[in-house]
Amino acid sequence: MKNNIVKDTLAITLITLISGLALGLVQDITAGPIAEQQQKSKEEAYKAVFADADSFEQVELTEESSASLEAYLDENGYGAQNIDEVMTALDGSGSQIGYAFTVTTSEGYGGDIQFAMGIKDDGTLNGISILTIGETAGLGMKATTDDFKNQFKDKNVEKFEYTKNGATADNQIDALSGATITTNAMTNGVNAGLCAFQYAEGGNLK
């Protein structure tokens, strides 16, 4: 009886060890392609929100500048938003023509929503391109439609607000029917990006 218990324990331990090694090997094999696909999706998103850019150059944020940007967002009411990446948009001669940001907002009904947005040096928002979203089908997922996203396009405003009564000004966004939480998340996310742009324009990320 004792020998059987020892054998069973050794067998279970061996199976667990092999399974762990196999899982680790699979993760190592798939990590590269997944990372490459994510980077490709991000590059496509940047191009979608800044078609005039010839290339993009990442702004390397130091620990200090990253913390300072986060504090600035918090001070302006965007504690639920995060700027994941900052890119300078360059023209064919290598001159800066604006910024592209990757923004994550945690206020979505289905969790985090991540998107890219491009802003010209004069403050005009080119548009947004959603990277990840898990909102309710037929409701919050309408945030991915051009009808919703294009409301932000080619607008030069300090911040947006949403309305349920029909947008009458450039800074107003028509709320998604039955998806106020998603609308709020997207509006705050875009406003956080505009806030980060204003921070960058002040030379704080240099």
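Our subject is the structure that appears above.
Since the structure is predicted, the reported quantities are computational estimates derived from the model, not experimental observations.

Asks: Which parts of the structure should I look at to understand a nonpolar patch on the surface?
Replies: A contiguous nonpolar surface patch, about 420 Å² in accessible area, is contributed by L14, L17, I18 and L21. Judged by its relative accessible area of 48%, L14 is partly exposed.

Asks: What is the right way to look at the sheet that holds strand β1 (residues 55-58) in this model?
Replies: Strand pairing in a sheet relies on backbone hydrogen bonds, with the paired strands running either antiparallel or parallel. The strand order across the open sheet formed by five strands is β1-β2-β3-β4-β5, and the pairing between neighbours is antiparallel. The sheet is open, and its two edges are formed by β1 and β5 (125-132), each paired on a single side. Strand-to-strand twist of the sheet, defined as the mean angle between neighbouring strand axes without regard to direction, takes the value 30 degrees. The pairing of strand β3 (residues 96-108) with strand β4 (residues 111-120) spans nine bridges and is antiparallel. Residue pairing across strands places T105 opposite I113, the latter belonging to β4. Across the sheet, helix α4 (residues 180-201) touches β2 (81-90), β3, β4 and β5, and the angle it forms with β3 is around 145 degrees.

Asks: What exactly am I supposed to notice about the pattern of salt bridges here?
Replies: Pairs may arise between side chains of opposite charge once their charged atoms sit close together. Within the structure shown, the criterion is met by one salt bridge. A salt bridge links K149 to D146; the nearest nitrogen and oxygen atoms lie 3.9 Å apart. In this pair, K149 and D146 both sit in helix α3 (residues 146-149), three residues apart, roughly one turn of the helix.

Asks: Which parts of the structure should I look at to understand the layout of surface pockets?
Replies: Sizing a probe to match a water molecule and rolling it over the atoms shows the empty space that remains. Space inside the largest pocket adds up to approximately 220 Å³. Lining the largest pocket are 13 residues, and of these A48, V49, N126, G127 and K153 lie nearest its centre. Every element with two or more residues in the lining of the largest pocket is listed here: α1 (2-49), β5 and α3. With three residues, the single largest contributor to the lining of the largest pocket is β5. Residues of the lining of the largest pocket, tallied by class, amount to five nonpolar, three polar and five charged.

Asks: Is there a simple way to explain the packing of helix α2 (residues 63-75) against α4 in this structure?
Replies: A packed helix pair is summarised by two numbers, namely the angle formed by the two axes and the spacing between the axes. The geometry of α2 relative to α4 is characterised by a closest axis approach of 10 Å and an angle of 125 degrees between their N-to-C directions. Of the possible angle classes, the one that applies to α2 and α4 is oblique. Read as a crossing pair, α2 and α4 show a hand that is right-handed. Contacts from S65, S68, L69, Y72 and L73 in α2 reach A192, C195, A196 and Y199 in α4. Taken together, the residues of the contact of α2 with α4 break down into seven nonpolar, two polar and no charged.

Asks: Honestly, the packing of aromatic side chains in this entry has me stumped. Any pointers?
Replies: Aromatic ring pairs are reported here in terms of the distance separating the ring centres and the angle at which the planes meet. Per the counting criterion, the structure on display carries six aromatic pairs. Relative to Y199, the ring of Y72 has its centre 4.8 Å away and its plane inclined at 40 degrees; by these criteria the two rings are tilted. One end of the pair, Y72, is in helix α2; the other, Y199, is in helix α4, with 127 residues separating them in the sequence. You can call Y72 partly exposed: its relative accessible area is 25%. Take Y199: its relative accessible area is 7%, and that puts it in the buried class. Aromatic side chains F152 and F160 sit 5.0 Å apart centroid to centroid with 75 degrees between the ring planes, which places their arrangement in the edge-to-face category. Since its relative accessible area comes to 0%, F152 is described here as buried.

What counts, and at which threshold
Residues numbered from 1 in each chain as written. Predicted model: local features only at pLDDT ≥ 70, side-chain atom pairs only at ≥ 80, totals over all residues. Heavy atoms only, no water. Patch = residues over 30% accessible without salt bridge, like charges linked within 9 Å, V, L, I, M, F, W, Y side chains within 5 Å. Areas by Shrake-Rupley, 256 points an atom, 1.4 Å probe, with all protein chains shown as cover. Salt bridge = Lys/Arg side-chain N within 4 Å of Asp/Glu carboxyl O. Buried < 20%, exposed > 50% of the residue type's maximum accessible area, 1.4 Å probe, protein only. Pairing = 2+ DSSP bridges. Helix = DSSP H or I, 4+ residues; strand = E, 2+ residues; numbered from the N terminus. Axes fitted to C-alpha atoms, helices over the stretch in contact; angles between N-to-C directions. Contact = heavy atoms within 4.5 Å. 1 Å grid on protein atoms, 1.4 Å probe; cavity = no way out; pocket = protein on both sides within 12 Å on 5 of 7 lines; lining within 4 Å. Points joined across faces, edges and corners; volume = space filled by probe spheres on them. Nonpolar A, V, L, I, M, F, W, Y, C, P; charged D, E, K, R; others polar. Parallel < 35°, antiparallel > 145°, perpendicular 65-115°, else oblique. Left-handed = near helix turned anticlockwise from the far one by under 90°. Phe/Tyr/Trp six-rings, centres within 6.5 Å; stacked < 30°, edge-to-face > 60°.

Functional significance is not addressed by these values, which are geometric in nature.
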